[in-house]
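# Reading the structure
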Amino acid sequence: DEVFQKYKHYEGDEIATPEPTHRVIYVSSTRVDAVLTKAFGIARAKIEEKLITQNCLVNGKHLKKKSYQAKVGDCIDLIKEKAGSHNTVQRIRVLDIVGGKSRSGNTKVILRLWKKAFPVEIS
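As recorded in an unreviewed UniProt entry, the chain goes by Mitochondrial transcription rescue factor 1 C-terminal domain-containing protein and comes from Magallana gigas.

As C-alpha cells, then:
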C-alpha cells in the first residue's frame, strides 16, 4: 500500500470506520456508472437503479445523471440503507485519473475504496 501513500488524505475520509483498500481499475469511460460498476463489481443495471432511486451521492449531493464524469477528488457514496439521521454507505474516493489510454483503449483510475458499508450522518 505504500504506492498509495503519495495520494493526499481528504478531509472527511476519517469518518469511514473500516480501513480502505486501494484499487487500480481500467474503464472504457470515466462516467460514474462505469467507475462504480468496476470498483464494486456490481452489475451496471444495479448501479443505474441506485441512480434512479437517488441512492448515489457525489461529494454529498444526489447524482441525477449517470453520464456524470468522475473527477479526481470525487467522493462517491452508494447508499445501502437509509435510517433516520444517517445513511449506511459504501464509498470510493477518486485519487487519480491517469492521462492517456491503455492499449485496449481504457482509462486507468486509482481509487480509495471502502467496500464494507459504514454509517454517515445526513447533513
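Back to the text.
The subject of this paragraph is the UniProt feature "domain: Mitochondrial transcription rescue factor 1 C-terminal" (unreviewed entry) in the chain. The sites that UniProt annotates as "domain: Mitochondrial transcription rescue factor 1 C-terminal" (unreviewed entry) are residues 26-116. Annotated as residues 26-116, this span is 20% helix and 43% strand, and its ends, taken at the C-alpha atoms, are 22 Å apart.

All told, the structure shown has four salt bridges when counted by the stated rule. Residue Asp-33 pairs with Arg-31 through a salt bridge whose shortest N-O separation is 3.0 Å. A residue is classified by how much of its surface remains accessible, and Arg-31, at 23% relative accessible area, is partly exposed. Between Glu-48 and Lys-66 there is a salt bridge whose closest N-O contact spans 3.3 Å. A residue pair is termed long-range when its members are at least 10 positions apart, and Glu-48 in helix H2 (residues 44-52) and Lys-66 in the loop between strand E3 (61-62) and strand E4 (75-83) qualify at 18 residues.

Next up on the list: helix H1 (residues 32-40). The buried fraction of H1 amounts to seven of the nine residues, a majority that puts the element mostly inside the structure. Looking at the residues trailing H1, positive phi occurs at Gly-41, about 65 degrees.

Our next topic: unusual backbone geometry. Positive phi values are uncommon outside glycine, yet Gln-54 reaches one of about 55 degrees. Looking at where Gln-54 falls in the secondary structure, it is placed in the loop between H2 and strand E2 (56-58). Look at Asn-59: it is not a glycine, yet its phi comes out positive at around 55 degrees. Mapping Asn-59 onto the fold places it in the loop between E2 and E3. Residue Asn-59 is classed as partly exposed on the basis of its relative accessible area, which comes to 43%.

Conventions and cut-offs
- Residues numbered from 1 in each chain as written.
- Predicted model: local features only at pLDDT ≥ 70, side-chain atom pairs only at ≥ 80, totals over all residues.
- Heavy atoms only, no water.
- UniProt positions renumbered as here; feature names shortened; annotations may be inferred.
- Helix = DSSP H or I, 4+ residues; strand = E, 2+ residues; numbered from the N terminus.
- Salt bridge = Lys/Arg side-chain N within 4 Å of Asp/Glu carboxyl O.
- Buried < 20%, exposed > 50% of the residue type's maximum accessible area, 1.4 Å probe, protein only.

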